[in-house]
Amino acid sequence: MKVLVTGGGTGGHIYPAIAMIKAIREEEPSASFLYVGTGNGLENEIVPKYDIPFETIEISGFKRKLSFENIKTVRRFLKGTSRAKQLIREFKPDIALGTGGYVAGPVMYAAARLGVPTVIHEQNSIPGLTNKFLSRYATNVAISFQEASGYFPQDKTVFTGNPRASEVVKAEKTNLVTEFGLKNNLPVVLIVGGSRGAQPIHDAFLEALPQLTDKHCQYLYITGSVHYDKVKTSIANEKTRAHVVVRPFIHNMPNVLASVDAVVSRAGATTLAEITALGIPSILIPSPYVTKNHQEMNARALEDVGAAMVHKETDWSGDKLEADIKALFQNGEAAEMQSAATSIGVPDAADRLREVMKRAIRKT
Ligand SMILES: CC(=O)N[C@H]1[C@@H](OP(=O)(O)OP(=O)(O)OC[C@H]2O[C@@H](n3ccc(=O)[nH]c3=O)[C@H](O)[C@@H]2O)O[C@H](CO)[C@@H](O)[C@@H]1O
């Protein structure tokens, strides 16, 4: 089978695509892939690490308001579409899978226009502009939150979950002591601000640091590459009795997630799919700077079943962090949250999406 894959901009769109490629490769080692991204998106750094042929097109996103920039964007969209058509004619895929982000727009549109079966994957509870636009042309739409179904044509929409969930449940634990210098026998809280880091998460942690101890847990803190130097220096300057290890970014996140006891994070949909599949209790501070506040909707779905403690960014503080950590490990809430998270995880998401792709091929 030949699979055209596209999706990019942030890790939340890229890792589900890679997880799906890995799942197909496992079942069908002779399958071949072409990943189309942009030259300046995160996909440009991540995809080549997985030995996946990678081509680029130029594209930018639409502004929601009418602007001169949008005229340029339309021109780039048309140029991107014709470059994508050229790549598709050369590669001759049996199916195209798009996981969102600007780049998926022209690539999936071109694939549909050329009669290639197309499946788009939406990670969020409220879809992005690109996937909403593409849903008109796609053979099928795969969703990861039931809440998203109302935004897409009913007859082609299927709930699959996020294939990254299937990847993390298969991941082996890593040795956090040898890999990161963490302590043995003390629960580990992973702090991560999405694939690019988040300032309010840093601020609250620094504020809480003087009060935190290593009585209940220790911290593995992923700052995001942009924030690394500043946060590392600030943490080094604060007096604390807590054990904290700081890193800019980690590439073996599935293994690390499989080894930690709780997560403090933004509410990016792919991270949430990972932590529910593994049953990890979480403290979530959704980013309000996203389309239609979709991260808060994502987070509330976990809060509703008791899997997460959710705070608006404006209410988030060092005191709240300290109180939540106490609730988790001192008052023993972690165990209940763990089973609540597992109850909504979708560890077989990759199999489900694979079925949708097979059906889309048969249908077209
Ligand atoms: C600002 C923005 O638009 N964010 C969106 C973006 O999130 P964004 O890409 O920030 O976040 P997600 O949390 O969904 O995914 C991050 C991915 O990167 C991985 N990771 C993260 C840090 C690290 O050091 N190593 C690593 O591998 C995580 O395991 C995860 O697989 O896409 C998501 C999925 O469509 C959306 O829900 C988010 O709203």
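Taken verbatim from the UniProt record of the chain, the Catalytic activity (unreviewed entry) comment is "di-trans,octa-cis-undecaprenyl diphospho-N-acetyl-alpha-D-muramoyl-L-alanyl-D-glutamyl-meso-2,6-diaminopimeloyl-D-alanyl-D-alanine + UDP-N-acetyl-alpha-D-glucosamine = di-trans,octa-cis-undecaprenyl diphospho-[N-acetyl-alpha-D-glucosaminyl-(1->4)]-N-acetyl-alpha-D-muramoyl-L-alanyl-D-glutamyl-meso-2,6-diaminopimeloyl-D-alanyl-D-alanine + UDP + H(+)". In the Sequence similarities (unreviewed entry) part of its UniProt record, the chain is described as follows: "Belongs to the glycosyltransferase 28 family. MurG subfamily."

*Asks:* Give a detailed account of the sheet that holds strand 9 (residues 218–222), specifying residues and quantitative values.
*Replies:* Strand order in the open sheet formed by six strands is 10-9-8-11-12-13, and the pairing between neighbours is parallel. Looking at the sheet topology across the chains shown, the edges are occupied by strand 10 (244–247) and strand 13 (308–310). Adjacent strand axes in the sheet meet at a mean angle of 15 degrees when their direction is disregarded. Pairing of strand 11 (residues 262–265) with strand 12 (residues 282–284) involves three bridges; the strand directions are parallel. Residue pairing for strand 12: Val264 is matched across the bridge by Ile283. Of the strands in this sheet, strand 8 (188–192), strand 9, strand 10 and strand 11 are in contact with helix 8 (residues 199–208), which crosses strand 9 at around 150 degrees.

*Asks:* Explain the nonpolar core residue by residue, including any values.
*Replies:* If you look at the biggest cluster of nonpolar residues, it comprises 31 residues, and the most contacted ones within it are Phe205, Tyr219, Tyr221, Ile235 and Val244. Looking at this core, the elements with two or more residues in it are strand 8, helix 8, strand 9, helix 9 (228–237), strand 10, strand 11, helix 13 (318–329) and helix 14 (333–344). No other element matches the five residues that helix 8 contributes to this core. For Phe205, the residues in contact, after removing those within four places along its chain, are Ile191, Leu212, Tyr219, Tyr221, Ile235, Val244 and Leu321. In this structure, Leu220, Ile222, Ala299 and Ala340 belong to the second largest nonpolar core, which totals 30 residues.

*Asks:* If you had to explain the pairing of strand 8 to someone new, which residues and values would you point to?
*Replies:* Moving residue by residue along a regular strand, the side chains alternate between the two faces of the sheet. When you tally the buried positions in strand 8, you get five out of five residues, the bulk of the element. Taking every second residue as pointing to the same face, both faces of strand 8 are buried, with Val188, Leu190 and Val192 on one and Val189 and Ile191 on the other. Taken together, the five bridges between strand 8 and strand 9 define a ladder with parallel strand orientation. Bridged to Ile191 within strand 9 is Tyr221.

*Asks:* Quick rundown of the environment of Arg76? Include the residues and the values.
*Replies:* Mapped onto the fold, Arg76 is located in helix 3 (residues 68–91). If sequence neighbours within four positions are ignored, Arg76 has contacts with Glu58, Ile59 and Ser60.

*Asks:* Would you mind going over the site of the ligand in detail, with residue names and values included?
*Replies:* Taken together, 25 residues surround the ligand, and among them Gly12, Asn124, Thr271, Glu274 and His294 come closest. Within the backbone of Gly12, a nitrogen or oxygen atom sits 2.6 Å from an oxygen atom of the ligand. Within the backbone of Ala269, one N or O atom sits 2.8 Å away from an oxygen atom of the ligand. Relative to its unbound accessible surface of 760 Å², the ligand loses 90% to contact with the protein. Looking at the shell around the ligand, the elements that each hand over two or more residues are helix 1 (11–27), helix 11 (269–278) and helix 12 (294–304). Taken together, the residues of the shell around the ligand sort by class into eight nonpolar, 14 polar and three charged. For the shell around the ligand, the two domains that each supply at least three residues are domain 1 (2–162 + 347–363) and domain 2 (169–344).

About the criteria used
- Residues numbered from 1 in each chain as written.
- Predicted model: local features only at pLDDT ≥ 70, side-chain atom pairs only at ≥ 80, totals over all residues.
- Heavy atoms only, no water.
- UniProt positions renumbered as here; feature names shortened; annotations may be inferred.
- Pairing = 2+ DSSP bridges.
- Helix = DSSP H or I, 4+ residues; strand = E, 2+ residues; numbered from the N terminus.
- Axes fitted to C-alpha atoms, helices over the stretch in contact; angles between N-to-C directions.
- Contact = heavy atoms within 4.5 Å.
- Core = buried A, V, L, I, M, F, W, Y, C linked by side-chain atoms within 4.5 Å.
- Buried < 20%, exposed > 50% of the residue type's maximum accessible area, 1.4 Å probe, protein only.
- Near = heavy atom within 4 Å.
- Polar contact = N/O pair within 3.5 Å; in protein donor to acceptor, adjacent residues only side chain to side chain.
- Areas by Shrake-Rupley, 256 points an atom, 1.4 Å probe, with all protein chains shown as cover.
- Nonpolar A, V, L, I, M, F, W, Y, C, P; charged D, E, K, R; others polar.
- Domains from an automatic or database assignment.

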